[in-house]
Amino acid sequence: SYKHLDYLDSQPGDDRIKVNASALNVMMPIAGAWSVSGTYTSDSVSGASPASYTQYLTEMQDLRRAIDLSLTRYLPRGTISVGTSYSNESDYISRGFSLLGTVSTEDKNTTFNAGIAVTNDEINPSNHIVVGETKHVTDWILGVTQILTTQDIVQLNLGYSEGRGYFSDPYKTFDQRPRYRDHGTALVRWNHYFNQTEGASNLTYRYYTDTFGVDAHTVTAEYI
C-alpha cells in the first residue's frame with residue numbers, strides 16, 4: 001500500500017508551511033506460518049513561522065525518515081510479533097522495539113493479548129537550548145476479547161506507560177515540564193450486529209489519566 005499527503009498552509013501575501021509525506025507499506029507471508037511487514041515513511045516540511053508572531057517570516061526546513069519492521073509467527077491458537085522502528089530528523093532520533101502476543105481458548109471464543117514496547121529518543125534542537133537530551137518510554141498492554149453471542153463481541157484493553165527523561169518543548173522558552181510522565185488507559189468496546197438492518201454498532205469508552213494531571217473520558221458511538 002502507498003499513501004501520500006500534500007499540505008499547504010498560507011497567510012495573505014505569503015506561503016507558510018508545506019508538508020509532503022509519503023508512506024509505503026509491504027507485507028509478505030512466508031512459508032505459511034510467518035509474515036514480515038515493513039513501512040517506510042518520508043516527511044518533508046518547509047516554510048516559515050507566522051509573521052504575526054515574529055513580525056517577519058522565519059524560514060525552516062526539515063526532513064524525517066522512518067522505518068518500521070515486524071515479524072509475525074502464526075500458531076494454532078495465537079500469534080507472536082516482534083517489531084523494531086527507527087526515525088531520524090534534524091533534531092530528533094527515535095529507536096523502538098516491541099513484542100506482542102495473542103492466545104485464544106480452544107473454542108476460539110476468548111482471545112487474550114499482551115505486549116510491551118520500548119522507545120529511546122535523543123533530542124538535539126537547532127536552537128541548542130539542550131544538547132544530547134534523552135527520553136525513555138516503556139509501554140505495556142493487556143487485553144481480552146470475548147465472543148458473547150453470534151452477534152456480540154466485547155473487548156477490554158488496559159495500558160500503562162512509564163516515561164523518563166526530557167519532555168519539555170525546546171522551542172518554547174519558558175516550557176519546563178517534569179522529567180517523568182506516566183499514564184494509564186482503560187478501553188471497553190462492544191460490537192453488536194443487527195440482523196434486521198444488516199448493520200453493526202460499535203460502542204467504545206476510553207479513560208485516560210497521567211501524572212501531568214490530565215484525566216480524559218472519550219465515548220464513541222458508530223453505526224455501520
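You'll find the structure just up there.
Remember, predicted model here, so these are calculated numbers, not experimental data.

Criteria and cut-off values
Residues numbered from 1 in each chain as written. Predicted model: local features only at pLDDT ≥ 70, side-chain atom pairs only at ≥ 80, totals over all residues. Heavy atoms only, no water. Helix = DSSP H or I, 4+ residues; strand = E, 2+ residues; numbered from the N terminus. Rg over C-alpha atoms; globule rule 2.2 N^0.38 Å. Buried < 20%, exposed > 50% of the residue type's maximum accessible area, 1.4 Å probe, protein only. Areas by Shrake-Rupley, 256 points an atom, 1.4 Å probe, with all protein chains shown as cover. Lys, Arg positive; Asp, Glu negative; His and termini not counted. Charge placed at Lys NZ, Arg CZ, Asp CG, Glu CD. 1 Å grid on protein atoms, 1.4 Å probe; cavity = no way out; pocket = protein on both sides within 12 Å on 5 of 7 lines; lining within 4 Å. Points joined across faces, edges and corners; volume = space filled by probe spheres on them. Nonpolar A, V, L, I, M, F, W, Y, C, P; charged D, E, K, R; others polar. Salt bridge = Lys/Arg side-chain N within 4 Å of Asp/Glu carboxyl O. Polar contact = N/O pair within 3.5 Å; in protein donor to acceptor, adjacent residues only side chain to side chain. Pairing = 2+ DSSP bridges. Axes fitted to C-alpha atoms, helices over the stretch in contact; angles between N-to-C directions.

**Focus: the overall build of the protein chain**
- Summing up its helical and strand segments, the protein chain has 1 helix and 12 strands in all.
- Secondary structure elements of the protein chain occur, N-terminal to C-terminal, as β-β-β-α-β-β-β-β-β-β-β-β-β.
- In summary, the protein chain has a C-alpha radius of gyration of 22 Å against a globular reference of 17 Å for 224 residues, an excess of more than 25%.
- Expressed as lengths along the three principal axes of its C-alpha atoms, the size of the protein chain is roughly 65 × 40 × 40 Å.
- Taken over 224 residues, the protein chain has a buried fraction of 28%.
- As displayed, the protein chain offers around 14700 Å² of accessible surface, 59% of which is attributable to carbon and sulfur atoms.
- Charged side chains of the protein chain number 17 positive and 25 negative; the gap between the two group centres comes to 4 Å.

**Some thoughts on the layout of surface pockets**
- The space that makes up the largest pocket amounts to roughly 300 Å³.
- Lining the largest pocket are 21 residues, with Gly115, Asp139, Trp140, Ile141 and Gly159 sitting closest to its centre.
- Only strand S5 (78-89), strand S6 (92-104), strand S7 (110-123), strand S8 (133-149), strand S9 (152-165) and strand S10 (180-194) provide two or more residues apiece to the lining of the largest pocket.
- Of the residues forming the lining of the largest pocket, the biggest block, 5 residues, is contributed by S9.
- Residues belonging to the lining of the largest pocket are distributed by class as follows: 10 nonpolar, 9 polar and 2 charged.
- Here the second largest pocket defines a volume of roughly 200 Å³.
- Considering the residues around the second largest pocket, the lining is formed by 17 residues, among which Ile129, Tyr166, Pro170, Asp175 and Gln176 are closest to the centre.
- For the lining of the second largest pocket, the class distribution of residues is 7 nonpolar, 4 polar and 6 charged.

**Some words on the side chain of Asp121**
- Inspection of the secondary structure puts Asp121 in strand S7.
- The charged side chain of Asp121 is buried without a salt bridge, its nearest counter-charge being Lys135 at 4.1 Å.
- Among the polar contacts made by the side chain of Asp121, one reaches the side chain of Ser94 at a distance of 2.6 Å.

**Side note on the sheet that holds strand S12 (residues 215-223)**
- Pairing within the open sheet is antiparallel, and its 12 strands lie in the order S1-S2-S3-S4-S5-S6-S7-S8-S9-S10-S11-S12. Taken across any chain shown, the strands that pair with only one partner, and hence form the sheet edges, are strand S1 (2-11) and S12. Going from strand to strand, the sheet's axes swing by 10° on average, the running direction of each strand aside.

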